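What the coordinates show
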Amino acid sequence: MLLAGVWTLVSLVVLEPRRRFLLPPPWEVVAALGDPAIMETMWAALGRTATVAIAGLAIAFAVGVAWAIAMSQSRWVERIIYPYAVILQTIPILALTPLIGIWFGYGIPARIVVAVIIAVFPVISMTFFGLTSGPSRAAHDLFTLARATRWQRLTQLELPAAVPSIFTGLRSAAGLSVIGAIVGDFFFQQGAAGIGGLLRVYTLRLDMAALLAAVGLTALFGVVVFTVFGVVDRLVVGHFYGAPGGGRR
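Some remarks on the side chain of T127
Residue position: T127 is located in helix α6 (residues 108-133). Separated by 2.7 Å, the side chain of T127 and the backbone oxygen of V123 make a polar contact. Contacts of T127, omitting those with residues within four sequence positions, involve V65, A68, P122, A162 and I166.

Let's talk about α6
Taking 1.5 Å of rise per residue, the 26 residues of α6 would be expected to cover 38 Å, and the 38 Å separating its terminal C-alpha atoms lies within 8% of that figure. Along α6, the helix axis deviates most sharply at A119, where the bend reaches about 35 degrees; the proline P122 sits within four residues downstream. Counted residue by residue, α6 has 19 buried out of 26 residues, so it is predominantly covered.

Observations concerning unusual backbone geometry
One non-glycine residue with positive phi stands out, namely L206, at about 55 degrees. Following the sequence through the fold, L206 ends up in the loop between α9 (195-205) and α10 (208-241).

Thoughts on the pattern of salt bridges
Going through the model one piece at a time under the given rule, you end up with two salt bridges. Put simply, E78 and R75 hold a salt bridge, and the shortest N to O gap is 3.4 Å. One end of the pair, E78, and the other, R75, are both in helix α4 (residues 75-90), three residues apart, so they sit about a helical turn from each other. You can call E78 buried: its relative accessible area is 18%. On the basis of relative accessible area, R75 is assigned to the exposed category, the value being 58%. Put simply, D185 and R111 hold a salt bridge, and the shortest N to O gap is 3.2 Å. Here the residue D185 occupies a position in helix α8 (residues 150-187), and R111 occupies one in helix α6, the gap between them amounting to 74 residues. Taking relative accessible area as the criterion, R111 reaches 1% and is therefore assigned buried.

Things to note about the environment of Q152
Secondary-structure assignment places Q152 in helix α8. For Q152, a relative accessible area of 31% gives the class partly exposed. Taking C-alpha positions, Q152 is 39 Å from F104, a pair spaced 48 residues apart along the chain. Q152 has contacts with F143, R147 and L157, leaving out every residue within four places of it along the chain.

Topic: the packing of helix α3 (residues 36-73) against α9
One way to put it is that α3 packs onto α9 with a least axis distance of 7 Å and a crossing angle of 135 degrees. Between α3 and α9, the angle is such that the two are oblique. Contact residues: I38, T41, M42, A45, L46 and T49 in α3; I195, G196, L198 and Y202 in α9. For the contact of α3 with α9, the class distribution of residues is seven nonpolar, three polar and no charged.

A closer look at the confidence of the model for the protein chain
Chain-level statistics for the protein chain give a pLDDT mean of 82 and a share of 91% at 70 or above. Below pLDDT 50 for its whole length, residues 243-249 participates in twelve contacts with residues either more than four positions away or in separate chains.

Re the environment of V224
Within the element layout of this structure, V224 appears in helix α10. When the C-alpha atoms of V224 and Y82 are compared, they prove to be 32 Å apart, with 142 residues separating the residues in sequence.

Some thoughts on the nonpolar core
Formed by 51 residues in total, the largest nonpolar core has its most connected members in M42, I195 and Y202. Taken together, the elements giving at least two residues each to this core come down to α2 (26-33), α3, α6, α8, α9 and α10. Not counting residues up to four positions away in its chain, the partners in contact with I195 are M42, A45, L46, T49, I182, D185, A214 and T218. Formed by ten residues, the second largest nonpolar core is a distinct cluster that contains L96, I100, I117 and V183.

Cut-offs used in this document
- Residues numbered from 1 in each chain as written.
- Predicted model: local features only at pLDDT ≥ 70, side-chain atom pairs only at ≥ 80, totals over all residues.
- Heavy atoms only, no water.
- Helix = DSSP H or I, 4+ residues; strand = E, 2+ residues; numbered from the N terminus.
- Polar contact = N/O pair within 3.5 Å; in protein donor to acceptor, adjacent residues only side chain to side chain.
- Contact = heavy atoms within 4.5 Å.
- Expected span 1.5 Å × (residues − 1).
- Bend = angle between axes of the 7 residues up to and from the residue.
- Buried < 20%, exposed > 50% of the residue type's maximum accessible area, 1.4 Å probe, protein only.
- Salt bridge = Lys/Arg side-chain N within 4 Å of Asp/Glu carboxyl O.
- Axes fitted to C-alpha atoms, helices over the stretch in contact; angles between N-to-C directions.
- Parallel < 35°, antiparallel > 145°, perpendicular 65-115°, else oblique.
- Nonpolar A, V, L, I, M, F, W, Y, C, P; charged D, E, K, R; others polar.
- pLDDT = per-residue confidence, 0-100.
- Core = buried A, V, L, I, M, F, W, Y, C linked by side-chain atoms within 4.5 Å.

Set out below in structure tokens:
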């Protein structure tokens, strides 16, 4: 209520009538949300963005876990490939968009690549942390006495101990994959538009009511994704450790 009141005050009192289009009052945004034509377009675009985000998250998860496992198994492999993970995290995605467009086209594949690049680092870092710091020295000594192979040590000791860290990274990556999908939608315009493409269209048209409605829908989608993966985190980790609601909470 406070936000709606401040919003209305700024729109009707602070802004001059000729500039009121910059921040339309709340009821105009609600009217946009109630327009069947606008909402049909937004839901279709949001569905495409969700598809890109899920695909990007799945690829980022597979690549990130494999990357972390490779680093955990060999010190020299870690020294060789870990800097590339850091580069992916630190390089501005805007600097890569021209290359991504040239290499992957300007449609859905390029959007998925952006989502993967943005989402993969938390999976790598948290999985690697779990693999290297989760098992105790005593547990490793026990596996050594049992003459366990490297594969047995990985699958029966290190990966189970890393499960909480893996799901923490997955939860962070889920939110980042949504951001990556929206960024990809915004910059790669070939094919059907995602929600990021709609944000660009509404911005160019200065259709602020529809733009704010799309922003609100996008924020709601992000909250839903983060909440869903938070619940999955608690359920899976809690089940794995035999404690309802998450044994590490």
